[in-house]
Each structure stands twice: as C-alpha cells, then as structure tokens.
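Working through the structure, step by step
Chain by chain, the residues:
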Amino acid sequence: MRFNLVLDVPDVPGQLLEVLEPMGRLGANIVAVIHQRDVKTERGTVPVQITIEGDKETLDKVMGALESKDIQILEVDGVLRKEQITTVLVGDIVEEDLQDTVSKLNQLKSVKVADLDLKMSDEPKNSATKMVIEADFGLRKEVLNNIKKLGAEKGFLVINEV
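Below, the discussion takes up the packing of helix H3 (residues 98-106) against helix H4 (residues 140-154). Packing of H3 against H4 brings their axes to within 11 Å, and their N-to-C directions diverge by 150°. It follows that H3 is roughly antiparallel to H4 by the angle criterion. With respect to the hand of their crossing, H3 and H4 are arranged in right-handed fashion. Across the interface between the two elements, Asp100, Thr101, Lys104 and Leu105 of H3 pack against Ile147, Leu150, Glu153 and Lys154 of H4.

This is how it looks when you write it as structure tokens:
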C-alpha cells in the first residue's frame, strides 16, 4: 500500500527530520520526499510532499504518530483534509440567537461547527460560547474574517486563535 502525503511543516531547522523519524521508526518505506523551502504557505510553513509504502497497519501508525506530534497532514492521496479552528464569542449570545449564529457559520463554504460549549452568566452580556469549527485547509484566514464580521454584526467580542 502506498500513501502520497502533503504535510504542513514549520520552516525551522530539524523539522524535516522530525517528520521522517516516525516513518523510519515504524517501518514505513520512504519512496520520495519533495521539500522546497522557497515555497511557503501564508502561515510561513513549508508544504512537504512525501510518498511512503507499507502495510495498512504500519501506515495507520505513521499517520497517528504524525498527528500526535501536531504535524498537520494537508492531503492524503490528493484528498484535502480538514483543520480545526477554535473561536470564542462573548456577549449576549443567547438573546442574539445562538442557533442563527451557528447556522450562518455552517452556511460558509466548506465550514461546519463541530463542537460548541456555552457558558451562561447572570449578566447576559457576559455569556460566552467556545466553538470548534472544521474547515478545508487553506480557508483559515477567510473563516476567521467571516467570524469577525458575524461577531461585529451581532455585537460580540470575538476571540480567535492566532
């Protein structure tokens, strides 16, 4: 079995070795590596293309090891994966209709609210919700901007991850 991966790797010395280590340790055969430091994403990271071979169990272990090291896997065999974006909205979230807020976010292209925690307060303006949003890779900036716009429309304080 063969996997073609595209990984999002920080442009820091030693990171390529960090990515390759679990592959060798777990017994996957590294077929090809394309690492071009002059091609960077908007986040300043480097997309690294790697082709590995092995049995299904080995390749699943490699994927798990990469994820446990917080190495972002952008694509597997040409299929884009999702990334999670966490945001906090503070304000009168219940009065301003939480369901409408979630619906508007879910209507964005390739976006879905995957998890939501609501903290209510005696003072409604101090209520807060923490949302985990799933989006296709590459849409982070657009999604964060849309969350800011929605928060401004509804009068929420918006705290987005950086």
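Moving on, there is more to tell.
The end-to-end C-alpha separation of helix H2 (residues 56-68) is 18 Å, in line with the 18 Å expected for 13 residues at 1.5 Å each. For H2, every residue scored as buried is listed here: Thr58, Leu59, Val62, Met63, Ala65 and Leu66. For H2, the angular spread of buried residues about the axis comes to 160°, placing them on one side. In H2, the exposed positions angled more than 90 degrees off the buried face are occupied by Glu57 and Ser68. Where H2 is buried, its residues contact strand E1 (2-10), helix H1 (15-26), strand E3 (45-53) and strand E4 (72-76). One or two residues past the end of H2 sits Asp70, with phi positive at roughly 60°.

For H1, the complete set of buried residues consists of Val19, Pro22 and Met23. Down the axis of H1, the buried set is contained in an arc of 100°. They therefore lie on one face. Turned more than 90 degrees away from the buried face of H1 sit Leu17 and Arg25, all of them exposed. Where the residues of H1 are buried, they touch E1, strand E2 (29-35), E3 and H2.

Now for the sheet that holds E3. Strands sit in the order E2-E3-E1-E4-E5 across an open sheet of five strands; the sheet is antiparallel. What marks the edges here is a single partner per strand, and that holds for E2 and strand E5 (79-80). By the bridge criterion, four bridges tie E1 to E4 in an arrangement that is antiparallel. Bridge pairing in E4 links Val6 to Glu75. Relative to E1, H1 is tilted by about 150°, and along the sheet it contacts E1, E2 and E3.

Attention now moves to the nonpolar core. Within the largest apolar cluster, 18 residues are counted, with the highest numbers of intra-cluster contacts made by Leu5, Leu7, Val19, Met23, Ile52 and Leu66. Of all elements in the fold, only E1, H1, E3, H2 and E4 reach the threshold of two or more residues within this core. The residues contacting Leu5, other than those within four sequence positions of it, are Met23, Val48, Gln49, Ile50, Ile52, Met63, Leu66, Ile73, Glu75 and Val76. Formed by 17 residues, the second largest nonpolar core is a distinct cluster that contains Ile85, Met131, Ile133 and Phe156.

This paragraph deals with the pattern of salt bridges. Here the structure, examined in full by the defined rule, presents nine salt bridges. Close ionic contact of Arg2 with Glu53 constitutes a salt bridge, the shortest N to O distance being 2.6 Å. Taken together, the positions of Arg2 in strand E1 and Glu53 in strand E3 put the pair 51 residues apart, joining distant regions of the chain. Its relative accessible area of 43% is what places Arg2 among the partly exposed residues. Overall, Glu53 belongs to the partly exposed group, its relative accessible area being 27%. For Lys104, the salt bridge goes to Asp100, with nearest N and O atoms at 3.5 Å. In this pair, Lys104 and Asp100 are both assigned in helix H3, four residues apart and thus about one turn of the helix distant. Take Lys104: its relative accessible area is 34%, and that puts it in the partly exposed class. On the accessibility criterion, Asp100 (26% relative accessible area) is partly exposed. When salt bridges that share partners are traced, they join Glu18, Glu21, Arg25 and Lys69 into one network.

Definitions and cut-offs
Residues numbered from 1 in each chain as written. Predicted model: local features only at pLDDT ≥ 70, side-chain atom pairs only at ≥ 80, totals over all residues. Heavy atoms only, no water. Axes fitted to C-alpha atoms, helices over the stretch in contact; angles between N-to-C directions. Helix = DSSP H or I, 4+ residues; strand = E, 2+ residues; numbered from the N terminus. Parallel < 35°, antiparallel > 145°, perpendicular 65-115°, else oblique. Left-handed = near helix turned anticlockwise from the far one by under 90°. Contact = heavy atoms within 4.5 Å. Expected span 1.5 Å × (residues − 1). Buried < 20%, exposed > 50% of the residue type's maximum accessible area, 1.4 Å probe, protein only. Arc of directions from axis to C-beta. Pairing = 2+ DSSP bridges. Core = buried A, V, L, I, M, F, W, Y, C linked by side-chain atoms within 4.5 Å. Salt bridge = Lys/Arg side-chain N within 4 Å of Asp/Glu carboxyl O.

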